[in-house]
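Topology and contacts: notes
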Amino acid sequence: MNRYPTFILFFLLLAGVSSSFAQYLTSAKLYMRQREWTMAEASALKAVAKDPDDEEAWFVLGQIRYELRKYPEMIEAFDKAASIDPKEHQKEIHSYRLKLWADSYNAGIKYYNLGRDSAKYFAIAIDSFKTAVMAQPDSAMTYYVCALAMYANGQRDDAVAMLNKGIEKKPNFPDALSLLGRLHMQRARMKLEDKDSLGAKKEYDAAVAAFEKLYQYNPSDPANVMSLLEVYEKAGMDDKALNLTKTCAESDPKNRLCRYAYGLYLIKKEQFEQGIKQLDTMLAIAPEEKDELYKDALYNLGVAYQNWGVALKAISDKKVEESKGKVKEDMTYKEKFKAALAAFQKVEEHKKDDATLYQALGKLYATLNMPKEAKAAFETADRLIKEGK
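**Side note on the overall build of the chain**
Of the regular secondary structure elements, the chain holds 18 helices and zero strands. Each principal axis of the C-alpha atoms in the chain carries an extent, and together these give about 130 × 45 × 45 Å. For the chain, contacts bridging at least 24 residues in sequence account for 53% of all contacts bridging at least 6. Surface exposure of the chain reaches about 22300 Å², of which carbon and sulfur atoms provide 52%. With 59 positive and 57 negative side-chain charges, the chain shows a spacing of 3 Å between the two charge centroids.

**Examining the packing of helix α16 (residues 332-348) against helix α17 (residues 355-367)**
Between α16 and α17, the shortest axis-to-axis distance is 10 Å and the interhelical angle comes to 150 degrees. Our pair here, α16 against α17, has a crossing hand that is left-handed. Contacts between α16 and α17 involve Phe 337, Ala 340, Leu 341, Phe 344, Gln 345, Val 347 and Glu 348 from the first element and Leu 357, Tyr 358, Ala 360, Leu 361, Leu 364, Tyr 365 and Thr 367 from the second.

**Some details on the environment of Asn 255**
Tracing the chain through its elements places Asn 255 in the loop between α12 (238-251) and α13 (256-268). Linking Asn 255 and Leu 163, residues 92 residues apart in sequence, is a C-alpha distance of 33 Å. At 3.0 Å, the side chain of Asn 255 forms a polar contact with the backbone nitrogen of Leu 257.

**Concerning α16**
Structurally, the α-helix is built with 3.6 residues per turn, so residues lying three or four positions apart point the same way. If you check α16, its first and last C-alpha atoms are 25 Å apart, about what 17 residues at 1.5 Å a residue would give, namely 24 Å. Taken residue by residue, α16 has Tyr 333, Lys 336, Phe 337, Ala 340, Leu 341, Ala 343, Phe 344 and Val 347 as its buried positions. For α16, the angular spread of the buried residues around the axis is 165 degrees, confining them to a single face. For α16, the secondary structure elements touched by its buried residues are α15 (292-322) and α17.

**A closer look at α13**
Relative to the 18 Å expected for 13 residues at 1.5 Å per residue, α13 spans 18 Å between its end C-alpha atoms, a close match to the ideal helical length. Most of α13 sits out of view: 12 of its 13 residues are buried. Listing the buried residues of α13 in full gives Arg 256, Leu 257, Cys 258, Arg 259, Tyr 260, Ala 261, Tyr 262, Gly 263, Leu 264, Tyr 265, Leu 266 and Ile 267. Residues of α13 that are buried in the fold lie against α11 (222-234), α12, α14 (272-285) and α15. You can read the cap of α13 off the contacts: a side-chain oxygen lies 3.0 Å from the backbone nitrogen of Leu 257, and it is on Asn 255. Remark: Glu 270 follows α13 within two positions and exhibits a positive phi of approximately 60 degrees.

**A short note on the side chain of Thr 380**
As for its placement among the helices and strands, Thr 380 is situated in helix α18 (residues 371-386). Polar side-chain contacts of Thr 380 include one of 2.9 Å to the backbone oxygen of Ala 376.

**Concerning the environment of Leu 384**
Secondary-structure assignment places Leu 384 in helix α18. With 26 residues separating them along the chain, Leu 384 and Tyr 358 place their C-alpha atoms 9.1 Å apart.

**Here we look at the nonpolar core**
Within the largest apolar cluster, 87 residues are counted, with the highest numbers of intra-cluster contacts made by Leu 163, Val 231, Tyr 232, Tyr 260 and Leu 361. Setting aside chain neighbours within four positions, we find Tyr 260 in contact with Met 226, Leu 279, Met 282, Leu 293, Asp 296, Ala 297 and Asn 300. Ranked by size, the runner-up nonpolar core spans 26 residues in total, among them Ala 40, Ala 47, Val 60 and Ala 81.

**Considering the state of the cysteines**
Counted under the stated rule, the structure contains one disulfide. In this model Cys 248 forms its disulfide with Cys 258; the gap between the sulfur atoms is 1.6 Å. Taken together, the positions of Cys 248 in helix α12 and Cys 258 in helix α13 put the pair 10 residues apart, joining distant regions of the chain. Like Cys 258, Cys 248 is buried.

**Observations concerning the packing of aromatic side chains**
The geometry of an aromatic ring pair comes down to the distance between the two centres and the angle between the two planes. Taken as a whole and judged by the stated rule, the model has 12 aromatic pairs. Summarising the aromatic geometry, the rings of Tyr 66 and Tyr 96 are spaced 5.2 Å apart at their centres and angled 70 degrees between planes, so their arrangement reads as edge-to-face. Note that Tyr 66 is positioned in helix α3 (residues 55-67) and Tyr 96 in helix α5 (residues 90-114), a separation of 30 residues in sequence. Assessed through its relative accessible area of 12%, Tyr 66 is described here as buried. Centre to centre, the rings of Tyr 305 and Trp 308 are 6.4 Å apart; their planes meet at 20 degrees, and the pair counts as stacked. Taken together, the residues Tyr 305 and Trp 308, both in helix α15 and three residues apart, mark about one turn of the helix. Of the two residues, Tyr 305 and Trp 308, neither departs from the other in class, the shared state being buried. An aromatic cluster of three or more residues is present, and its members are Phe 59, Tyr 66, Tyr 71, Phe 78 and Tyr 96.

**Some thoughts on the pattern of salt bridges**
What the rule picks out here adds up to 20 salt bridges. Linking Glu 212 and Lys 240 is a salt bridge whose minimum nitrogen-to-oxygen distance equals 3.1 Å. On the criterion of sequence distance, the pair formed by Glu 212 in helix α10 (residues 197-217) and Lys 240 in helix α12 is long-range, its members being 28 residues apart. Residues participating in the shared-partner salt-bridge network are Glu 41, Arg 65 and Lys 70.

Scoring rules and cut-offs
- Residues numbered from 1 in each chain as written.
- Predicted model: local features only at pLDDT ≥ 70, side-chain atom pairs only at ≥ 80, totals over all residues.
- Heavy atoms only, no water.
- Helix = DSSP H or I, 4+ residues; strand = E, 2+ residues; numbered from the N terminus.
- Contact = heavy atoms within 4.5 Å.
- Areas by Shrake-Rupley, 256 points an atom, 1.4 Å probe, with all protein chains shown as cover.
- Lys, Arg positive; Asp, Glu negative; His and termini not counted.
- Charge placed at Lys NZ, Arg CZ, Asp CG, Glu CD.
- Axes fitted to C-alpha atoms, helices over the stretch in contact; angles between N-to-C directions.
- Left-handed = near helix turned anticlockwise from the far one by under 90°.
- Polar contact = N/O pair within 3.5 Å; in protein donor to acceptor, adjacent residues only side chain to side chain.
- Expected span 1.5 Å × (residues − 1).
- Buried < 20%, exposed > 50% of the residue type's maximum accessible area, 1.4 Å probe, protein only.
- Arc of directions from axis to C-beta.
- Core = buried A, V, L, I, M, F, W, Y, C linked by side-chain atoms within 4.5 Å.
- Disulfide = S-S within 2.5 Å.
- Phe/Tyr/Trp six-rings, centres within 6.5 Å; stacked < 30°, edge-to-face > 60°.
- Salt bridge = Lys/Arg side-chain N within 4 Å of Asp/Glu carboxyl O.

The analysis is restricted to geometry; functional conclusions fall outside its scope.
Encoded structure:
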């Protein structure tokens, strides 16, 4: 039997497949030049259907889908091309991804800023950032800004998930860790409001994990210390809070940050006298230093004296009330208010644009029967608030 006709038929069929594939790919490129993107995509799809292993066809399909703004499908086509031949169009694919990332990232920032005036823009910002993440999935910053937009849009759970993905890409990411810790703290408070103590504990544990990583990244940052101290307090981890502060202060007496943290820990426990002693010691270690830690310590020294005065006044008022006026009012609290005022006035020398400080000054002046000074302080606070300070 003569088998040649069968082989001839096979090769003719193969040639026909190759010919039709080339025709579809050529048509796709022609439509691209004419900017008829829908027709170009239809031809490119026929080309990849005829030969799914042709790298160029998938690359061309990715290019077309970029123009059609079909970004997920674009990524899919480029990924397919790269899986067939990673090097053939590596630079071009990278350029397309980078341009898509830059355009989407910048659009996200634009709409996020617009969201401050109209919340409807936050959803558009989120979609833009998601596209940017898809284009450059290793960009930790993109996950972070997307989480910010989600948080602003009230999507706390989505924001937590997005932050975790970003931290996977960059474990030592201070801003992301800080936001993650704060979000878990907020969710813990919501769980407590719903009387879900187990759920709250889980959230506090997650917040602790985030803030501990943040502290390990930069233990000399006062904000990191205070965030960790706060979450320990909320989570009922007194042993950890004490270890973070007292142990540090005792093992390194000249460490200003340790003294500062220990002082605040004691003040939060309403051990005002001991806390004030720690802050005074801290301020005396390097009196020439007028850095942010110095200013924060001075401010919290004022807060400590003020709260101590409030506590003493409450005790005095109660005694007067219980004695039906037979016991005279103990005026010791006024000395504490005066000490608080002195501390705040020192802070004022370094912070002329702090509305919170002037509000505190106004209240103290009023309590100490200094109406003129109180009026001036409150007016300054109001002006600063209007200026957004």
